[in-house]
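# Chains, contacts and geometry: an overview
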Amino acid sequence: VQLQASGGGLVQVGGSLRLSCAASGSIFSINRMGWYRQAPGKQRELVASISSGGSTNYADSVKGRFTISRDNAKNTVYLQMNSLKPEDTAVYYCNALLVYSYSDYRRFWGQGTLVTVSS
C-alpha cells in the first residue's frame, strides 16, 4: 500500500493550500485517514482525521481554518488549509488505517509534503 501526498508549497500568511493524499495498492477497506505535521525541532502532531463515515476531529490550533474531507471511492483524503499562519509551517504527512479483517488493522504513512508559510 502506498500513500501519495501532494499539494504542499510556499504560501504567504493568510493564504490557502489544499493537500491531497491518495492510497493505492492492496486495499480492502480504509477505516480512518488523517493528516499529521512535524515542524523543525518538534514532535509530529495530529492535525485532523476523518472516519469512513465522515466524522472528523481537529487539533485546536487549526479548528475553523482547516477542513478535512475524503473521497472513499478514490481512497483519497484532502486537507483544505485557509488563513495560514507561520506556525503552520511543517512537513505534513498523511496517514491511513486500513482494515484487512476484524482483528487486522494496519497503519500506513505517506512520504510527507512541505508547507511553508512566509510572513
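The coordinates are above.
Residues numbered from 1 in each chain as written. Predicted model: local features only at pLDDT ≥ 70, side-chain atom pairs only at ≥ 80, totals over all residues. Heavy atoms only, no water.

Quick look at the nonpolar core now. Judged by nonpolar contacts, the single largest core of 29 residues is most densely connected at Trp 35, Val 47, Phe 66, Leu 79, Met 81 and Tyr 92. Broken down by secondary-structure element, the contributors of at least two residues to this core are β1 (2-6), β3 (17-24), β4 (29-38), β5 (45-51), β7 (66-71), β8 (76-81), β9 (90-101) and β11 (113-118). Ranked by residues supplied to this core, first place goes to β9 with five residues. The contacts of Leu 79, once residues within four sequence positions are left out, are Leu 17, Arg 18, Leu 19, Trp 35, Val 47, Ala 48, Phe 66, Thr 67, Ile 68 and Tyr 92. (Core = buried A, V, L, I, M, F, W, Y, C linked by side-chain atoms within 4.5 Å. Buried < 20%, exposed > 50% of the residue type's maximum accessible area, 1.4 Å probe, protein only. Helix = DSSP H or I, 4+ residues; strand = E, 2+ residues; numbered from the N terminus. Contact = heavy atoms within 4.5 Å.)

Summed over the entire model, instances satisfying the criterion amount to five salt bridges. For the salt bridge of Arg 37 with Asp 88, the shortest nitrogen-to-oxygen distance reads 2.9 Å. In this pair, Arg 37 sits in strand β4 while Asp 88 sits in the loop between β8 and β9, placing the two residues 51 residues apart along the sequence. Of the charged contacts, one joins Lys 63 and Asp 60 as a salt bridge, the two residues approaching to 3.1 Å between their closest N and O atoms. (Salt bridge = Lys/Arg side-chain N within 4 Å of Asp/Glu carboxyl O.)

Turning next to the environment of Gln 12. As for its position among the elements, Gln 12 is in strand β2 (residues 9-12). Assessed through its relative accessible area of 60%, Gln 12 is described here as exposed. Along the backbone, Gln 12 and Leu 84 are 72 residues apart, and their C-alpha atoms lie at a distance of 7.6 Å.

Looking at the element boundaries, Asn 95 is found in strand β9. Within the local environment of Asn 95, its side chain forms a polar contact with the side chain of Arg 107, the two groups lying 2.7 Å apart. Setting aside anything within four residues of it in sequence, one finds Asn 95 in contact with Leu 3, Arg 32, Met 33, Gly 34, Tyr 36, Arg 107, Phe 108 and Trp 109. (Polar contact = N/O pair within 3.5 Å; in protein donor to acceptor, adjacent residues only side chain to side chain.)

What describes a pair of aromatic rings is the distance from one ring centre to the other and the angle between the planes of the rings. Under the definition given, this model contains one aromatic pair. Plain terms: the ring middles of Tyr 36 and Trp 109 are 4.9 Å apart, the flat faces sit at 65° to each other, and that makes the pair edge-to-face. One end of the pair, Tyr 36, is in strand β4; the other, Trp 109, is in strand β10 (residues 104-109), with 73 residues separating them in the sequence. On the basis of relative accessible area, Trp 109 is assigned to the partly exposed category, the value being 38%. Above the ring of Tyr 78, the side-chain terminus of Arg 18 is found at 4.1 Å from the ring centroid. Sitting over the ring of Tyr 100, Arg 106 keeps its end group 4.1 Å from the ring centre. (Phe/Tyr/Trp six-rings, centres within 6.5 Å; stacked < 30°, edge-to-face > 60°. Lys NZ or Arg CZ within 6 Å of the ring centre and 35° of its normal.)

Another point: the state of the cysteines. A complete count under the given rule lists one disulfide for this structure. One disulfide in the model links Cys 21 with Cys 94; its S-S distance is 2.0 Å. Taking the sign of the S-S torsion, 50° for the link of Cys 21 and Cys 94, the bridge is right-handed. In this pair, Cys 21 is assigned in strand β3 and Cys 94 in strand β9, connecting sequence segments 73 residues apart. Given the relative accessible area of 1%, Cys 21 is considered buried. You can call Cys 94 buried: its relative accessible area is 0%. (Disulfide = S-S within 2.5 Å.)

Taken by themselves, the reported measurements are silent on function.
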